[in-house]
Amino acid sequence: MKLLKDVIVKKGKVRGEDVLKVDSFLNHQLDINLLNEMGKEFKNRFKDDNITKILTIEASGIAIAAIAAQYFNVPVVFAKKAESKNVDNDNAYESQVYSFTKDKTYSVRVCKDYLNSSDNVLVLDDFLANAQAALGLKDLVNQSGANLAGIGIVIEKGFQGGGKLLRDSGVRVESLAIINSMNSDGIDFD
Ligand code: 5GP
């Protein structure tokens, strides 16, 4: 998506070798016009898939999920993160997610009331790196008996391998921008 790539080049900040900061439009301040265009693009890519629910993970997936959901006219469910591994809620699906940006493992949970076997789920998230978040969300979908229609990602860092892992396992992944490499001199897209 050219508009997104242009904004990434203009406003993204590369930190170290593998972290892209996009606080000015996606992760702290939100560019609603850009989010709307991305929401329309996700709808366009999944328009024939009869999506019944969008699933994301708190906190940074919520903005794009909520905006995109307006074009699908479906509810958004966001998995909640908890640092404890204890299941304190019998009525929840739970999985473990390791965050490489925070170097921490979280439990992620979705209440059983909000995902079920009649759902056709689109998972949306802001970034795809090693696919730990995506695999955790996929696990929650599987536990619920719902169908995973696909995964939509705003920014995929192709060099970290999560996209390949998911696609090789048969999951449909649609990324609006795929970064092949990045460093302080610039960002190279697919
Ligand atoms: P993964 O689980 O695919 O390894 O990483 C994806 C998650 O980590 C996303 O939900 C996102 O919040 C965070 N993340 C991964 N890489 C980056 C990055 O380069 N920049 C930002 N801002 N977040 C990232």
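Residue positions are given per chain, counted from 1 along the sequence in the order it is written. It should be noted that, the model being predicted, local features are given only for residues of pLDDT at least 70 and side-chain atom pairs only at 80 or more, the latter also being counted only at that level, while totals for whole chains, interfaces and linings use all residues. The basis for the side-chain values is all heavy atoms of the structure; hydrogens and waters are excluded.

Only a single heavy atom is needed: when it lies within 4 Å of a molecule or strand, its residue is near that molecule or strand. Leu-20, Ala-129, Ala-131, Ala-133 and Lys-157 are the nearest of the 17 residues found near the ligand. Side-chain atoms alone can form a polar contact between residues adjacent in sequence; in general such a contact is a pair of N or O atoms within 3.5 Å, and within protein one must be able to donate a hydrogen while the other accepts it. Here an oxygen atom of the ligand and a backbone polar atom of Asn-130 are 2.8 Å apart. Computed with the Shrake-Rupley method and a 1.4 Å probe, the accessible areas treat only the protein chains shown as cover for residues. Coverage of the ligand by the protein chains reaches 88% of its 500 Å² of free accessible surface. Put simply, DSSP H or I for four residues or longer makes a helix, DSSP E for two residues or longer makes a strand, and each gets a number counted from the N terminus. Listing elements by their share of the shell around the ligand, those giving two or more residues are strand 2 (19-21), strand 7 (120-128) and helix 5 (132-144). Top element by residues in the shell around the ligand is strand 7. It accounts for four residues. Residue classes follow a fixed rule: Ala, Val, Leu, Ile, Met, Phe, Trp, Tyr, Cys and Pro count as nonpolar, while Asp, Glu, Lys and Arg count as charged, and any other residue, Gly among them, counts as polar. For the shell around the ligand, a count of residues per class yields eight nonpolar, five polar and four charged.

By definition here, a salt bridge exists when the distance from a side-chain nitrogen of Lys or Arg to a carboxyl oxygen of Asp or Glu is within 4 Å. All chains considered together, the criterion is met by 11 salt bridges. With a shortest N-O distance of 3.3 Å, Arg-109 and Glu-94 are connected by a salt bridge. You can see Arg-109 sitting in strand 6 (residues 104-111) and its partner Glu-94 sitting in strand 5 (residues 92-99), a full 15 residues away along the chain. In this structure, Arg-109 and Glu-94 share a single accessibility class: buried. For the salt bridge of Lys-164 with Asp-168, the shortest nitrogen-to-oxygen distance reads 2.6 Å. Of this pair, Lys-164 and Asp-168 both sit in helix 6 (residues 162-168), four residues apart, which is roughly one turn of the helix. Relative accessibility decides the category of a residue: with a 1.4 Å probe and only protein chains considered, values under 20% of the type maximum give buried, values over 50% give exposed, and everything between is partly exposed. On the accessibility criterion, Lys-164 (56% relative accessible area) is exposed. Overall, the relative accessible area of 57% leaves Asp-168 in the exposed class.

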